[in-house]
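Notes for the structure review
If you want the building blocks of each chain, they are given just below.
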Amino acid sequence: MLLAPFFLLFTAVMLIPIGYAVYLSLFTEHRSGLGFGAPETVFTGLGNYTRALGDAAYRAGYLTIVEYCLLYIPVMLGLSLLVALLLDSALARAKRFFQLALFLPHAVPGIIAALIWTYLYTPGISPVIEALNSAGAHLDMLGHPVPAVVNMAVWEWTGYNMVIFYAALQAIPREVLEAAVMDGAGPLRTALSIKIPLIRASITMVGMFTVIGSLQLFTEPMVLYRTAPAVVSTWTPNMYAYTAAFDHNDYGLAAASSVLLALVAAALSFVVTRATRGRTGRRTEAAA
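A few points on the structure. (Residues numbered from 1 in each chain as written. Predicted model: local features only at pLDDT ≥ 70, side-chain atom pairs only at ≥ 80, totals over all residues. Heavy atoms only, no water.)

1. What about the overall build of the protein?
Using the following cut-off: Numbering goes from the N terminus for both helices and strands, where a helix is a DSSP run of H or I of at least four residues and a strand is a run of E of at least two. Partly exposed describes any residue whose relative accessible area lies between the buried limit of under 20% and the exposed limit of over 50%, with all areas from a 1.4 Å probe on protein chains only and scaled to the type maximum. Whether two residues touch is decided by their heavy atoms; if any such pair falls within 4.5 Å, the residues are in contact. In these tables, accessible area is a Shrake-Rupley quantity obtained with a 1.4 Å probe, and a residue counts as shielded only by the protein chains included in the view. By the counting scheme adopted, Arg and Lys are positive, Glu and Asp are negative, and His together with the chain ends is not counted. Working definition for charges: the position is that of NZ of Lys, CZ of Arg, CG of Asp or CD of Glu.
Along the protein, the regular secondary structure elements total 13 helices and two strands. A total of 288 residues make up the protein; the buried ones form 35% of that total. Put simply, 64% of the contacts in the protein that link residues at least 6 apart link residues at least 24 apart. When the accessible surface of the protein is totalled, it reaches about 17000 Å², and 70% of it is carbon and sulfur. Charged side chains in the protein number 16 positive and 15 negative. The centres of these two groups are separated by 11 Å.

2. Focus on the packing of aromatic side chains
Basically, it comes down to this: Pairs were defined over the aromatic rings of Phe, Tyr and Trp, the Trp ring being its six-membered one, requiring ring centres within 6.5 Å. Orientation was assigned from the angle between planes: stacked under 30 degrees, edge-to-face over 60, tilted for the rest.
Under the defined criterion, the tally for this structure stands at 15 aromatic pairs. Residues Trp117 and Trp155 carry aromatic rings whose centres are separated by 6.0 Å and whose planes lie at 75 degrees to one another, so their mutual orientation is edge-to-face. Taken as a pair, Trp117 in helix α5 (residues 110–121) and Trp155 in helix α7 (residues 145–170) lie far apart in primary sequence, 38 residues in all. Centroid distance Tyr242 to Phe246: 5.0 Å. Interplanar angle 50 degrees. Geometry classified as tilted. Placement of the pair is Tyr242 and Phe246 together in helix α12 (residues 237–246), with a separation of four residues, close to one helical turn. Taking the relative accessible area as the measure of exposure, Tyr242 reaches 33% and is therefore partly exposed. A relative accessible area of 53% places Phe246 in the exposed class. Taken together, the aromatic side chains of Tyr20, Tyr23, Phe27 and Phe43 make up a single cluster linked through ring pairs.

3. Points about the nonpolar core
In a soluble, globular protein the nonpolar side chains are often hidden away together inside. Put simply, the rule reads: In plain words, nonpolar cores are sets of buried Ala, Val, Leu, Ile, Met, Phe, Trp, Tyr and Cys residues tied together by side-chain atoms within 4.5 Å.
Residues Tyr58, Tyr68, Tyr72, Tyr121, Leu224 and Trp235 are the most contacted members of the largest nonpolar core, which totals 58 residues. Taken together, the elements giving at least two residues each to this core come down to α2 (47–54), α3 (56–88), α5, α7, α10 (200–215), α11 (219–224), α12 and α13 (251–287). The dominant element in this core, judged by the number of residues it contributes, is α3, at 14 residues.

4. A short note on a nonpolar patch on the surface
Counted only if it meets this: Patches were defined on residues exceeding 30% relative accessible area and lacking a salt bridge, with like-charge contacts within 9 Å and nonpolar side-chain contacts (Val, Leu, Ile, Met, Phe, Trp, Tyr) within 5 Å. For salt bridges, the criterion is a side-chain nitrogen of Lys or Arg within 4 Å of an Asp or Glu carboxyl oxygen.
A cluster of nonpolar side chains, contributed by Leu3, Phe6, Phe7, Leu9, Phe10, Val13, Met14, Leu15, Ile18 and Val22, occupies part of the molecular surface with about 940 Å² of accessible area. Following the sequence through the fold, Leu3 ends up in the segment before α1 (4–25).

5. Side note on the pattern of salt bridges
With the rule as written, the count across this model stands at two salt bridges. Across the pair Lys195 and Asp88 runs a salt bridge, and its minimum N-O distance is 2.9 Å. With Lys195 in helix α9 (residues 187–198) and Asp88 in helix α3, this pair connects stretches of sequence that are 107 residues apart. Taken as a pair, Lys195 and Asp88 share a single burial class, namely buried.

6. A closer look at the packing of helix α4 (residues 95–107) against α7
The relative placement of two packed helices comes down to the angle between their axes together with the axis-to-axis distance. Inclusion rule: Here an axis means a line fitted to C-alpha atoms, over the contact stretch when the element is a helix, while the angle between two N-to-C directions is reported on a 0 to 180 degree scale. If an angle is under 35 degrees, it is roughly parallel; if it is over 145, roughly antiparallel; if it lies from 65 to 115, roughly perpendicular; otherwise it is oblique. What makes a crossing left-handed is the near helix being turned counterclockwise from the far one by less than a right angle; a clockwise turn instead makes it right-handed.
Close contact between α4 and α7 brings their axes to 6 Å; oriented N to C, the two are set at 135 degrees. As judged from the angle between their axes, α4 and α7 are oblique. Viewed along their axes, α4 and α7 form a crossing whose handedness is left-handed. Across the interface between the two elements, Lys95, Gln99, Leu102, Phe103, Pro105 and His106 of α4 pack against Trp155, Glu156, Trp157, Gly159, Tyr160, Met162, Val163 and Tyr166 of α7.

7. Considering α10
Using the following cut-off: Here, expected helix span is obtained from the residue count minus one, scaled by 1.5 Å.
An ideal rise of 1.5 Å per residue puts 22 Å on 16 residues; α10 measures up with 23 Å between its terminal C-alpha atoms. Among all positions of α10, only Ser202, Thr204, Val206, Gly207, Met208, Thr210, Ile212, Ser214 and Leu215 are buried.

8. Some details on α2
An α-helical turn contains 3.6 residues, so any two residues separated by three or four positions project in the same direction. Our working rule: Directions drawn from the helix axis to the C-beta atoms are what define this arc.
Turning to α2, its buried residues are Asn48, Tyr49 and Ala52. Each buried residue of α2 lies within a common arc of 100 degrees when the element is viewed along its axis, so the set occupies one face. Facing away from the buried surface of α2 by more than 90 degrees, the exposed residues are Thr50 and Gly54.

9. Some remarks on the environment of Val271
The residue Val271 is located in helix α13 in this model. A relative accessible area of 51% places Val271 in the exposed class. Separated by 142 residues in sequence, Val271 and Ile129 have C-alpha atoms that sit 42 Å apart.

10. Considering the environment of Val163
As for its position among the elements, Val163 is in helix α7. Residues Val163 and Val83 lie 80 residues apart in sequence; the distance between their C-alpha atoms is 9.5 Å.

11. Details of the packing of α3 against α9
Heads up, the condition is: Classes in brief: Ala, Val, Leu, Ile, Met, Phe, Trp, Tyr, Cys and Pro nonpolar; Asp, Glu, Lys and Arg charged; the others, Gly included, polar.
At a closest axis distance of 12 Å, the pairing of α3 and α9 adopts a crossing angle of 105 degrees. Our classification of the angle between α3 and α9 gives roughly perpendicular. Counted together, Leu81, Leu85 and Asp88 of α3 and Ala191, Lys195 and Ile196 of α9 form the full contact between these two elements. Here the residues of the contact of α3 with α9 sort into four nonpolar, no polar and two charged.

Right, here's the structure in full:
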């Protein structure tokens, strides 16, 4: 009975929409003759999936995601972990203040953050770009959309993931750290050999969620669309689905591309979870 409200809400906002998307992906609309009259809904089976996979623009969206992940994930994870380790060190002061200050960017809605960064990227109106140009550093962020979008995401999500890492670091038994200090381990050695291995599960979890979130990249490039020449309407898989649905009224293709994206995310989650569980099991057997 206590779980019933959750399952009702989960069914209403998750299972039913997913089921409806799968249903839409199996149909397409055709107009007879010269295109006059009401469209006819025709069952197409896997036809929409074949169209999506056969479209070079859709496949190129995944290449954009790969490029984005290769740059974003190491920078964001490394920066979040570094800041969390610095806050967890004995020399850190005003920890509460810096936690709040670093977390505040995540509290800004993504669309607002993207608009602010677009303003800061635009030559002629951005004080940052003007200052860099005056110093002789000519930077064209709109001409390089992947680093521009990565910078937005790092600014927004570093503080959030820092809180996760910091909480995991705080859960490490203090006697373990004290024993490391008694054995002569310095701060760097303690961080690399004690702290990071003990929070590996949190790092893996954040990495998995980051990959899944990266596959759903939409807000930042959608704001940059029509401002950055390199960002087209099908720049990411989510933008492809949005364009198919609301620009071309092809809801079957949009649903099929969305279902394929969900399957890719599920497959990646399964692979990362199994790989992590396998490593954990081998470490446990070795320790035993």
